[in-house]
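# Structure assessment
Each chain, written out:
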4 protein chains.
Amino acid sequence: MPFIRTFRVRWVDTDVAGVMHFTNYLRYFEACEEEFYRSIGLAFNTVRTKYGITFPRIEAHCIYRAPCRFDDCFDVEMRMREVSEKTITWDFRAIRQVDGNVAAEGYIKCISVNAEWKAVPLPLEVVEMVRQKGR
Amino acid sequence: MPFIRTFRVRWVDTDVAGVMHFTNYLRYFEACEEEFYRSIGLAFNTVRTKYGITFPRIEAHCIYRAPCRFDDCFDVEMRMREVSEKTITWDFRAIRQVDGNVAAEGYIKCISVNAEWKAVPLPLEVVEMVRQKGR
Amino acid sequence: MPFIRTFRVRWVDTDVAGVMHFTNYLRYFEACEEEFYRSIGLAFNTVRTKYGITFPRIEAHCIYRAPCRFDDCFDVEMRMREVSEKTITWDFRAIRQVDGNVAAEGYIKCISVNAEWKAVPLPLEVVEMVRQKGR
Amino acid sequence: MPFIRTFRVRWVDTDVAGVMHFTNYLRYFEACEEEFYRSIGLAFNTVRTKYGITFPRIEAHCIYRAPCRFDDCFDVEMRMREVSEKTITWDFRAIRQVDGNVAAEGYIKCISVNAEWKAVPLPLEVVEMVRQKGR
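Think of each chain on its own: its residues are numbered from 1, step by step along the sequence as written. Chain labels run from A onward and ligand labels from 1 onward, assigned in the order the entries are written. Residue-level local features of this predicted model are given only where pLDDT is at least 70; pairs of side-chain atoms are given and counted only at 80 or more, and the full residue set underlies all totals for whole chains, interfaces and linings. Values shown for side chains rest on all heavy atoms present in the structure; no hydrogens or waters enter the calculation.

For the rest of this paragraph, the subject is the overall build of chain A. Helix and strand counts for chain A come out as three helices and five strands. Helix and strand definitions follow DSSP, with helices as H or I runs of at least four residues and strands as E runs of at least two, each counted in order from the N terminus. The order of helices and strands in chain A, counted from the N terminus, is β-α-α-β-β-β-β-α. C-alpha atoms define the radius of gyration in this analysis, and the globule rule sets the expected value at 2.2 Å times the number of residues to the power 0.38. Taking 14 Å as the expected radius of gyration for a compact globule of 135 residues, we find that chain A reaches 15 Å, a close match to that expectation. By principal-axis analysis of the C-alpha atoms, chain A measures approximately 40 × 30 × 20 Å. Burial here depends on accessible area, computed with a 1.4 Å probe over protein chains only, as a share of the maximum for the residue type. Under 20% is buried, over 50% is exposed, and the range in between is partly exposed. Relative to its 135 residues, chain A shows a buried fraction of 63%. Within chain A, contacts between residues separated by at least 24 positions form 67% of all contacts whose residues are at least 6 apart in sequence. In what follows, residue pairs with any heavy atoms lying within 4.5 Å of each other are defined as contacts.

Quick look at the structure:
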């Protein structure tokens, strides 16, 4: 089952074409990811404090299928695609609530780095929680 | 030869990890694209006014190789990858000026739509200019 | 009684100093305003469609008292300060949930304009609803 | 004489009303400030590294007089208004190049804080340079 959070297009998210700017879908995907980690008791801040690591993105991909406009509600669905020793890849979909159509879908790949920005193995606790709750 | 524009990481572009937020590379890629169209006398606004079309993005992809930090200068290189009847795909690279390393690289695919947001053929003038100047 | 909505500082809202960028408080104030209008059945979109008007901002002011950091929750309180023939001024406060301290406070003054961006009187329905529910 | 830098409204800066979002003027004011410090050899990063201080904003005010739209060029003029022991206040104006009209004007007040986010006196070098070059 995907992890789902609902968002609404803000005025500031739109552009002169009247639709949400394409980069904002990725920002809401990330916001959903933040909520996922919080929901499993591993908020980014906890991970930073406890393990000294952060999760910079090393790849992002998004296909845009139908625009969201100001005030539209959309659900972001998030599913774990793959966990490797140092990386996690998440699949995302943004679904328009008004008609159930996919607005955008893609993936984001993150890597575990320490304070010196060197790639390091993901903490086991994170791997296990993500494996368990993220699918 | 690629089309090149130089940008500098602003304070507001950074995040708590001290690096430019991953979505901002895509925003600077788009800013470079805006400058390209202006340089060939076809600013987005001209295209909107003259032909009644805009170019929403239907796909974006980016690989992040090395972070840019506050105050860093980087060159965005832009090359036309493919033009079809209704779409244009651009390749982008962001190169850090300090060491010449690639910070990020990817592509953005745009489609030509009319005021009703229906896909329509690209104006011939645009296709020709992009073919001529975009490679 | 103020109108209140709660928000959480997103990763993308922060900057290299580790705090929410000062312009984002104003963006959340506006998000709260959007929710207020929706709550009284007058979403910005309804107002745009029904009356052909929008509410551009003509003044904004904000004092920053204590920083919000990534993952912090804060309440935005919004109170109507003044309604004139063509303008509405809202007072805002952002309160950190962790300690009840004021993070930021200020006001935003909006004007009613038509499609030609000319100032026009506020629709009576809007004035009445704002007077009734906005204080 | 004011310190002046020119910017252009990006697609992402606009909103569904077709104009630059009101918070982006403040972002461009800050970008101008960044360029000012760089121009006097005191880039924010230098100040952070050399003195261990940053300049969070404690107040911002802006009056919006005429909208800037996509592709519009505007000059940001910046003048030092006041320097106190721990604060600097800057006046800003955004002037539309097309007609010389003021799009927006306001001020931003910054305070000098150390790594613990405590207010500390401004470094003398900064005060002198700002007094000399900022007016």
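Let us now look at the packing of helix H1 (residues 22–39) of chain A against helix H1 (residues 22–39) of chain B. A fitted line through C-alpha atoms represents every axis, and for helices the fit uses only the stretch in contact; the resulting angles, taken between N-to-C directions, go from 0 to 180 degrees. At a minimum axis separation of 10 Å, H1(A) and H1(B) run at an interaxial angle of 180°. In this view, H1(A) runs roughly antiparallel relative to H1(B), as classed from their interaxial angle. Residues A:Phe22, A:Thr23, A:Asn24, A:Leu26, A:Arg27 and A:Glu30 of H1(A) pack against B:Phe22, B:Thr23, B:Asn24, B:Leu26, B:Arg27 and B:Glu30 of H1(B). Orientation categories follow fixed angle ranges, with anything under 35 degrees roughly parallel, anything over 145 roughly antiparallel, 65 to 115 roughly perpendicular, and all other angles oblique.

Right, let's get into the sheet that holds strand S2 (residues 57–64) of chain C. Across the sheet, which stays open at both edges, the ten strands sit in the order S1(C)-S3(C)-S4(C)-S5(C)-S2(C)-S2(D)-S5(D)-S4(D)-S3(D)-S1(D) with antiparallel pairing between neighbours. Strand pairing shows two members of the sheet lacking a second neighbour, strand S1 (3–8) of chain C together with strand S1 (3–8) of chain D, which therefore form its edges. When the angles between neighbouring strand axes are averaged without regard to direction, this sheet yields 20°. Pairing analysis gives six bridges linking S1(D) to strand S3 (residues 73–83) of chain D, with the strands arranged antiparallel. Bridge pairing in S3(D) links D:Thr6 to D:Asp75. When DSSP finds two or more bridges between two strands, those strands count as paired.

Below, the discussion takes up the nonpolar core. Side-chain atoms within 4.5 Å are what join buried Ala, Val, Leu, Ile, Met, Phe, Trp, Tyr and Cys residues into a set we call a nonpolar core. The biggest cluster of nonpolar side chains holds 89 residues, and the ones touching the most others in it are A:Phe29, A:Tyr37, A:Trp90, B:Phe29, B:Tyr37 and B:Trp90. If we skip the residues at most four places from it in the chain, B:Tyr37 touches B:Leu42, B:Ala43, B:Phe44, B:Phe55, B:Ile88, B:Trp90, B:Val126 and B:Val130. One finds C:Phe7, C:Ala104, D:Leu26 and D:Val120 within the second-largest nonpolar core, a separate group that totals 88 residues.

Turning our attention to the relation of the copies chain B and chain A. Here the copies are superposed with least squares, the fitted atoms being C-alpha atoms of residues at a pLDDT of at least 70 in both. Superposition of chain B onto chain A requires a rotation of 180° combined with a translation of 0.0 Å along the rotation axis, giving an RMSD of 0.0 Å. Accordingly, the operation relating the two chain copies is best matched by a two-fold axis. Among all C-alpha atoms of chain B, that of B:His61 lies closest to the rotation axis, at 2.2 Å. Counting the interface residues of chain B, we find that 100% of their copies in chain A are interface residues as well, pointing to one common contact surface.

Right, let's talk about the relation of the copies chain C and chain A for a bit. Least-squares fitting of chain C to chain A yields an RMSD of 0.0 Å, with the transformation described by 0.0 Å of translation along the axis and a rotation of 180°. Here 100% of the contact residues of chain C are again contact residues in chain A; the copies associate through an equivalent surface.

All right, on to unusual backbone geometry then. Phi at B:Asp71 is positive, roughly 80°, even though this residue is not glycine. By secondary structure assignment, the location of B:Asp71 is in the loop between strand S2 (57–64) and strand S3 (73–83). Within the chain, D:Trp117 stands out as a residue other than glycine whose phi angle is a positive 65°. Relative to the helices and strands, D:Trp117 resides in the loop between strand S5 (102–111) and helix H3 (124–133).

All names here are of chain C. Counting buried residues in strand S5 (residues 102–111) gives eight out of ten residues, a clear majority hidden from the surface. Across seven bridges, S2 lies against S5 in antiparallel orientation. By the bridge assignment, Tyr-64 is partnered in S5 with Ala-104. With nine bridges joining them, strand S4 (residues 87–96) and S5 adopt antiparallel strand pairing. Pairing of Ala-94 across the sheet is with Ala-104, part of S5. Where S4 folds back onto S5 in an antiparallel hairpin, the turn is made up of five residues, including Gly-100, whose phi is positive at roughly 75°.

With that settled, consider the packing of aromatic side chains. Ring pairs shown here join Phe, Tyr and Trp side chains whose ring centres sit within 6.5 Å, with only the six-membered ring taken for Trp; geometry is labelled stacked below 30 degrees between planes, edge-to-face above 60, and tilted in between. Summed over the entire model, instances satisfying the criterion amount to 48 aromatic pairs over all chains. Here the aromatic rings of C:Phe36 and C:Tyr37 are separated by 5.6 Å at their centres, their planes lie at 70°, and the arrangement is edge-to-face. Exposure class is identical for C:Phe36 and C:Tyr37. Each is buried. When the ring of D:Phe3 is compared with that of D:Phe36, the centres are 5.4 Å apart and the planes differ by 80°; the resulting orientation is edge-to-face.

Attention now moves to the interface of chain B and chain A. Across the boundary between the two partners, chain B contributes 24 residues, which contact 24 residues of chain A. The term buried area means the drop in 1.4 Å probe accessible area that two parts suffer when joined, counted for both and summed. Here chain B packs against chain A, burying approximately 2100 Å² in sum over the two surfaces, 61% of which is carbon and sulfur. The largest per-residue losses of area from chain B upon contact with chain A belong to B:Phe22, B:Arg27 and B:Trp117, which jointly make up 28% of the total buried on that side. Salt bridges, as used here, are contacts in which a Lys or Arg side-chain nitrogen is within 4 Å of a carboxyl oxygen on Asp or Glu. The tally of links from chain B across to chain A stands at zero salt bridges. Polar contact is the term for a pair of N or O atoms within 3.5 Å; when the atoms are in protein, one must be able to donate a hydrogen and the other to accept it, and sequence-neighboring residues count only if both atoms are side-chain atoms. At the surface where chain B touches chain A, the tally comes to twelve residue pairs in polar contact (both at pLDDT 80 or more). Of all elements in the fold, only H1, S2 and strand S5 (102–111) of chain B reach the threshold of two or more residues within the side of chain B that touches chain A. Charged residues are taken to be Asp, Glu, Lys and Arg, nonpolar residues to be Ala, Val, Leu, Ile, Met, Phe, Trp, Tyr, Cys and Pro, and polar residues to be all remaining types, Gly included. Class assignment of the residues belonging to the side of chain B that touches chain A gives a composition of 14 nonpolar, four polar and six charged. As paired elements, strand S2 (residues 57–64) of chain A and S2(B) share five bridges and run antiparallel to each other.

Turning our eyes to something else, we now look at the state of the cysteines. Here, the term disulfide refers to a pair of cysteine sulfur atoms separated by no more than 2.5 Å. One pass over the structure, following the stated rule, counts zero disulfides over all chains. For A:Cys62, which is in no disulfide, the shortest distance to another cysteine sulfur is to A:Cys68 and amounts to 11 Å. C:Cys110 forms no disulfide, and the closest cysteine sulfur to it belongs to C:Cys32, at a distance of 12 Å.

If you trace the ten strands from one edge of the open sheet to the other, you get S1(A)-S3(A)-S4(A)-S5(A)-S2(A)-S2(B)-S5(B)-S4(B)-S3(B)-S1(B), paired in antiparallel fashion. Each edge of the open sheet carries a strand with a single partner, namely strand S1 (3–8) of chain A together with strand S1 (3–8) of chain B. The mean inter-strand angle of the sheet, taken between neighbouring strand axes irrespective of direction, is 20°.

A few words on the interface of chain C and chain A. On the side of chain A, 19 residues touch chain C, which itself brings 19 residues to the contact. For the pair chain C and chain A, the summed buried area comes to about 1700 Å², and 51% of that belongs to carbon and sulfur atoms. Inspection of the region where chain C meets chain A yields eight salt bridges. Here chain C and chain A share six residue pairs in polar contact (both at pLDDT 80 or more) between them. Of all the secondary-structure elements, those providing two or more residues to the side of chain C that touches chain A are S1, helix H1 (22–39) and helix H2 (44–51) of chain C. If one sorts the elements of the side of chain C that touches chain A by residue count, H1(C) sits on top with six residues.

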